[in-house]
Number of protein chains: 2
Amino acid sequence: MREPWEPATADIELPQVMHALADPARLEIVARLASLDGESCSGTCAGIDLHKSTLSHHYRVLREAGVTHTTIEGRSRRVRLRRDDLAARFPGLLDAVLAAVGPVLADAGS
Amino acid sequence: MREPWEPATADIELPQVMHALADPARLEIVARLASLDGESCSGTCAGIDLHKSTLSHHYRVLREAGVTHTTIEGRSRRVRLRRDDLAARFPGLLDAVLAAVGPVLADAGS
DNA sequence: CGGACAGATTGATATCCGTCCAACCATCAA
DNA sequence: TTGATGGTTGGACGGATATCAATCTGTCCG
């Protein structure tokens, strides 16, 4: 069990991506990932008021939809947006969503 | 009961729009509406193999999310995409989705 | 080794969603 | 008014989802 499963770029499906981005919690996660341009830890340090396991679930949904890429890094996970893959498959979609979700509330971690 | 309810442009919410566009059936409806550039009848003549009431339900979800505008026209309904409103609120989003949903299978009506 | 830590997994629960069916309502034409 | 047509509404039902709580797995440190 090295890297958790995620779909290949060509297998990313629009409805799944849309569904993954249809939840406020996941939208906020994605917005944070975008503002951090890449990395983030999943789980407790996400600054979202949800249970650990709930967060883990949301991260899984995002990953399995092809929105994020997770790298296991010791006992942490590095989660990154699959901007290039998404852009290759659905040009402009992620950018539009990120623009729509608005300025990330920021100041969370930094 | 003249025109069915739909949200004002400023009240269109991203999660609801995303959710409305996260279903294959609704995506196909939207794709058809886009290819027809505007109009369509809801219900039976949509060319989608779903029950009347199911179609009606999907049309309602789209309308209440702010994706479509419905005009009652006798016993029919004219459904149109709210392209301008969507573009004003979430620039590029609908375009990206329409591009992503791919070439509409067409030959539906014409 | 043993404890602390980060997160995943599983189970339970309540809710929501998509679909169908049947009944209903409004409009148009005789 | 009667009947047919296009859609909507409400109920039912199976399946998915979001959430939490508790437990498990794997990693880092001493």
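Bear in mind the structure is a predicted one, so any value in this text is a computation, not a measurement.

A. Highlighting the relation of the copies chain A and chain B. Mapping chain A onto chain B calls for a rotation angle of 180 degrees and an axial translation of 0.1 Å; the resulting RMSD is 0.1 Å. Such a combination of turn and shift is consistent with a two-fold rotation axis. Same-surface contact between copies: 100% of interface residues of chain A are shared with the interface of chain B.

B. Quick look at the packing of helix α2 (residues 24-35) of chain B against helix α5 (residues 93-101) of chain B. Residue and element names in this part refer to chain B. With their axes 10 Å apart at the nearest point, α2 and α5 run at an angle of 100 degrees to one another. The pairing of α2 with α5 is recorded here as roughly perpendicular in orientation. Here α2 contributes Leu27, Val30, Ala31 and Ala34 to the contact with α5, which in turn contributes Leu94, Val97, Leu98 and Val101.

C. Structural detail: the environment of B:Pro91. Inspection of the secondary structure assignment puts B:Pro91 in the loop between α4 (83-89) and α5. The exposure class assigned to B:Pro91 is partly exposed, which follows from its relative accessible area of 48%.

D. The interface of chain A and chain B, seen in detail. Counting residues at the interface gives 16 residues for chain A, matched by 16 residues for chain B. Summing the contributions of chain A and of chain B, the shared interface buries around 1200 Å²; its carbon and sulfur component is 86%. For chain A, the biggest contributors to the area lost against chain B are A:Leu14, A:Met18 and A:Ala100; these three give 36% of the whole. Our count for the chain A to chain B interface comes out at zero salt bridges. Between the two partners, chain A and chain B, sit zero residue pairs in polar contact (both at pLDDT 80 or more). For the side of chain A that touches chain B, the secondary-structure elements that each account for two or more residues are α1 (14-20), α2 (24-35) and α5 (93-101) of chain A. Of the residues forming the side of chain A that touches chain B, the biggest block, five residues, is contributed by α5(A). Considered class by class, the residues forming the side of chain A that touches chain B number 14 nonpolar, two polar and no charged.

Calculation notes
- Residues numbered from 1 in each chain as written.
- Chains lettered and ligands numbered in written order.
- Predicted model: local features only at pLDDT ≥ 70, side-chain atom pairs only at ≥ 80, totals over all residues.
- Heavy atoms only, no water.
- Least-squares fit on C-alpha atoms with pLDDT ≥ 70 in both.
- Contact = heavy atoms within 4.5 Å.
- Axes fitted to C-alpha atoms, helices over the stretch in contact; angles between N-to-C directions.
- Helix = DSSP H or I, 4+ residues; strand = E, 2+ residues; numbered from the N terminus.
- Parallel < 35°, antiparallel > 145°, perpendicular 65-115°, else oblique.
- Buried < 20%, exposed > 50% of the residue type's maximum accessible area, 1.4 Å probe, protein only.
- Buried area = accessible area lost by both parts, 1.4 Å probe.
- Salt bridge = Lys/Arg side-chain N within 4 Å of Asp/Glu carboxyl O.
- Polar contact = N/O pair within 3.5 Å; in protein donor to acceptor, adjacent residues only side chain to side chain.
- Nonpolar A, V, L, I, M, F, W, Y, C, P; charged D, E, K, R; others polar.

Note that every value here comes from positions in space, so none of it alone points to a role or purpose.
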